Amino acid sequence: PATAPADDVRFGPLVGRRDDEAMRAFRSYGLGQFIHWGLYSMLGNEFEGRSARGHAAASEWIRQWNPRTAPEGWPRQYDALHRSFDPSDFDARRWAREARQMGARYVIFTTKHHDGFAMWPSAHSEYTIAATPYEGDIVGEIVEAYAAEGIDVFLYYSVLEWNHPDYMAHAPRTAQERERWERFLEYTRAQLLELLELYPQVKGLWFDGTWDASWVSSYEFAYALEQELRAAVPGLIIGSRFRADEHGSRHVDSSGALLGDYQQGWERKLPQDITVLDGQDWDCVMTIAPNGWGHIRDTTGLHLKSPQEMIELLMRCRSMNGNLVVNIGPDGEGRLSCHEHEIMTALGEWTEQNAAAVYGAGHVELPEPRAGILTGDGQRVFVTVLAVPVSGAIRLAVPKDSARVPVTARCEAASSPELAVHHRDVGLDRDPMTYYDVDLPAQIPPGRPFVVTVELGEVG
Ligand code: FHN
């Protein structure tokens, strides 16, 4: 149902906190996959042996190579890349199968990044996959393959375009600029409606490049367009990056309401704790390298997150009711790196072995033990143990007036899964908590976090 915007915000939220089937599915996705794939993937952050590292914001930003250090004639060479884009190893069904094996329940795919190149044969642009030697529709193949694996598809779309003649970063100032900008808005609208018409199975649109003053000042247009998009695909999910309100506020409007179905601001960072989230739905999009979403050929000297780190990030997101979306950047031929495969395999094993702690579980209103991360489903508390305490036990603090308390515990990863639970009241009357120690298995699985499942039972 529509909520009335606060008095002085006319272009605030279109919907209140949704609780329909699509949003309930979003809340239980747990893990997603982001794919940055486009012309920049052909370069891997290098051109003719020269590295762009430190000269552009990220690998997919290579077209914006600092002009002082860019190769002679740049970005002419970039803008001609599409003439040879013909990924010989691209197999959408293999990607989709591997994504399912990794445990991803949704995928976000770059249909058009800031370079303006459309990965589908858009009728509204000449700069599309149809102008390459590749004979296919990449977006179409991705949508079909992922949907066939039961993975929900979200389409990434950048409004910002670096090389579109009608695009401008500032709000239009003259009549001529206004005319150009109007044309650009119409083009944006046409492409978005086209995407939904061509691929009606999509579950969401993931907007990017919406920070420039030109777009922020087009809040009225964006408000109307959002309604059109929602009408085109009932249940469509749109995050908080799409549009601003009339006061220039983004993500959250000037009266504090979220401008979309979920908070999309968590990029390469996680909330400190659940209180900062203000009850919002959210996900966190995460790179494997420190930054750089597109393929990076030479990762020497870059810290690549380890499988263990990714598992920890996933469980931290779940403990605060969010999803983790892990990015991959295939190369220009459609190949993933060994490290990406390693991360995906580790996540796949983890999510398969610990599905209950990941998908159907969320935040637990108990203090987090130092040993690890808590998720729960009302009947059970799952402790993802990151570090084994010297005591050999995990201590759970439970309010003395709690109706449910730990009764039994298990660790499926141990050779003897059953674990002893001891109730230890420290005897301080003023302490509102009482304590349950779970003995950890003597043989701890090496090198990986592991889950201890604690069953809760009625008091008395
Ligand atoms: O500039 C982009 C960046 O290249 C990448 O696509 C990320 C993904 O979240 N979004 C933008 C920065 O916020």
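Here the residue numbers are simple positions, counted from 1 along each chain's written sequence. Given that this is a predicted model, residues contribute local features only at a pLDDT of at least 70 and side-chain atom pairs are listed and counted only at 80 or more, while totals for whole chains, interfaces and linings are drawn from all residues. The side-chain quantities take in all heavy atoms of the structure and omit both hydrogens and water.

(A) How the structure looks around the pairing of strand β5 (residues 152–158). Each residue is assigned to one of three classes by its accessible area relative to the maximum for its type, calculated with a 1.4 Å probe on protein chains only: buried under 20%, partly exposed between the two thresholds, exposed over 50%. Strands are runs of DSSP state E lasting at least two residues, helices are runs of H or I lasting at least four, and both sets are numbered from the N terminus onward. Counting buried positions along β5 gives seven out of seven residues, so the element sits mostly inside the fold. Across the two faces of β5 the burial is the same, with Asp152, Phe154, Tyr156 and Ser158 and Val153, Leu155 and Tyr157 all buried. At least two DSSP bridges between two strands are required for those strands to pair. In terms of strand pairing, strand β4 (residues 106–112) meets β5 through six bridges, oriented parallel. Looking at the pairing, lysine 112 lines up with tyrosine 157 of β5. Orienting the strands away from the viewer, one traces the path from the first strand over the helix to the second; a clockwise path indicates a right-handed crossover. Read from β4 through helix α4 (residues 138–148) to β5, the crossover connection turns out right-handed. Sheet analysis places β5 next to strand β6 (residues 204–208), joined by five bridges and oriented parallel. The residue of β6 that forms the bridge with tyrosine 156 is tryptophan 206.

(B) Broad picture of the pattern of salt bridges. By convention in these notes, a salt bridge is any Lys or Arg side-chain nitrogen within 4 Å of a carboxyl oxygen on Asp or Glu. A full pass over the atoms with the stated rule returns 30 salt bridges. Between arginine 63 and aspartate 79 there is a salt bridge, with its nearest N and O atoms 2.8 Å apart. Taken together, the residues arginine 63 in the loop between β3 (50–51) and α2 (76–79) and aspartate 79 in helix α2 connect sequence positions 16 residues apart. Here arginine 316 and glutamate 368 are joined by a salt bridge, their closest N and O atoms 3.9 Å apart. Separated by 52 residues along the polypeptide, arginine 316 in helix α8 (residues 307–319) and glutamate 368 in the loop between α10 (355–358) and β11 (372–376) bring together distant segments of the chain. Arginine 316 gets classed as partly exposed once you look at its relative accessible area, which sits at 28%.

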